Amino acid sequence: MRMIVVGLVLAALVAPAAAQPLPAVESVDAAVVHLGVLLESGGRLVRGSGSGIIVEPDGLILTAAHVINRARQIEVTLRSGDIYPATVVGTDPVFDSALIKITPAAPLPVAALGDAGTL
């Protein structure tokens, strides 16, 4: 079930609606986040990092699965500088995609996704 959800979100992300213009870089920029990851590698804990994009104002974030694989801890830093712990919602190793979730104090800016139904 989780892989299906990740696949649907990914399909919507890569398929912008033909009737709507693509969002401006400035509007998408506010939805980009930094991920700090503490993960296990070779029997020891190491730090890693990556990026993600907010896809729902309640804190759902799309990222790459390889960024959060083996993660013991995930911290999301918003453009505002606020830092939140994140949990993994699901991963799709075939598409190297993952959904993580934070619980923000207020609704977050999101990247406008396309409509896969218009393909």
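Residues numbered from 1 in each chain as written. Predicted model: local features only at pLDDT ≥ 70, side-chain atom pairs only at ≥ 80, totals over all residues. Heavy atoms only, no water.

1. Comments concerning the overall build of the protein
What the protein contains, in helices and strands, is three helices and seven strands. Counted from the first residue to the last, the protein has its helices and strands arranged as α-α-β-β-β-α-β-β-β-β. When burial is assessed residue by residue, the protein has 35% of its 119 residues classed as buried. Considering only contacts within the protein whose residues lie at least 6 apart along the sequence, 63% involve residues at least 24 apart. For the protein, the exposed surface amounts to about 7,100 Å²; the carbon and sulfur share of it is 60%. (Helix = DSSP H or I, 4+ residues; strand = E, 2+ residues; numbered from the N terminus. Buried < 20%, exposed > 50% of the residue type's maximum accessible area, 1.4 Å probe, protein only. Contact = heavy atoms within 4.5 Å. Areas by Shrake-Rupley, 256 points an atom, 1.4 Å probe, with all protein chains shown as cover.)

2. Things to note about the environment of His34
Within the secondary structure, His34 is located in strand E1 (residues 32-41). We classify His34 as partly exposed; its relative accessible area is 41%. Not counting the four nearest positions on each side in its chain, His34 is found in contact with Ser49, Gly50, Glu75, Val76 and Thr77.

3. Quick look at the side chain of Thr63
Note on placement: Thr63 falls in strand E3 (residues 60-63). Judged by relative accessible area, which is 7%, Thr63 ranks as buried. A distance of 2.7 Å separates a polar atom in the side chain of Thr63 from the backbone oxygen of Ser51. Filtering out sequence-adjacent residues up to four positions away, Thr63 remains in contact with Leu35, Ser51, Gly52, Ile68, Asp96, Ser97, Ala98 and Ile100. (Polar contact = N/O pair within 3.5 Å; in protein donor to acceptor, adjacent residues only side chain to side chain.)

4. Considerations on the sheet that holds strand E6 (residues 87-92)
Pairing within the open sheet is antiparallel, and its seven strands lie in the order E5-E4-E1-E2-E3-E7-E6. Among the strands making up the open sheet, the edge pair consists of strand E5 (83-85) and E6. When the angles between neighbouring strand axes are averaged without regard to direction, this sheet yields 30°. Bridging between E3 and strand E7 (residues 97-101) involves four bridges; their strand directions are antiparallel. Across the sheet, the residue bridging to Leu62 is Leu99, located in E7. (Pairing = 2+ DSSP bridges. Axes fitted to C-alpha atoms, helices over the stretch in contact; angles between N-to-C directions.)

5. Points about the pattern of salt bridges
Evaluation of the coordinates by the stated rule reveals two salt bridges. Put simply, Asp29 and Arg79 hold a salt bridge, and the shortest N to O gap is 2.7 Å. Taken as a pair, Asp29 in helix H2 (residues 25-29) and Arg79 in the loop between strand E4 (71-77) and E5 lie far apart in primary sequence, 50 residues in all. Given a relative accessible area of 58%, Arg79 falls into the exposed group. Between Arg72 and Glu40 there is a salt bridge, with its nearest N and O atoms 2.4 Å apart. (Salt bridge = Lys/Arg side-chain N within 4 Å of Asp/Glu carboxyl O.)

6. A look at the nonpolar core
Core analysis: the biggest nonpolar cluster contains 26 residues, and Val76, Leu78, Ile100 and Ile102 have the highest contact counts within it. Only E1, strand E2 (44-56), E3, helix H3 (65-68), E4 and E7 provide two or more residues apiece to this core. Sort the elements by how many residues they give to this core and E1 lands first, with four residues. Sequence-distant contacts of Val76, that is, excluding residues within four places in its chain, are made with Val33, His34, Leu35, Ile61, Asp82, Ile83, Tyr84, Ala86, Ile100 and Ile102. (Core = buried A, V, L, I, M, F, W, Y, C linked by side-chain atoms within 4.5 Å.)

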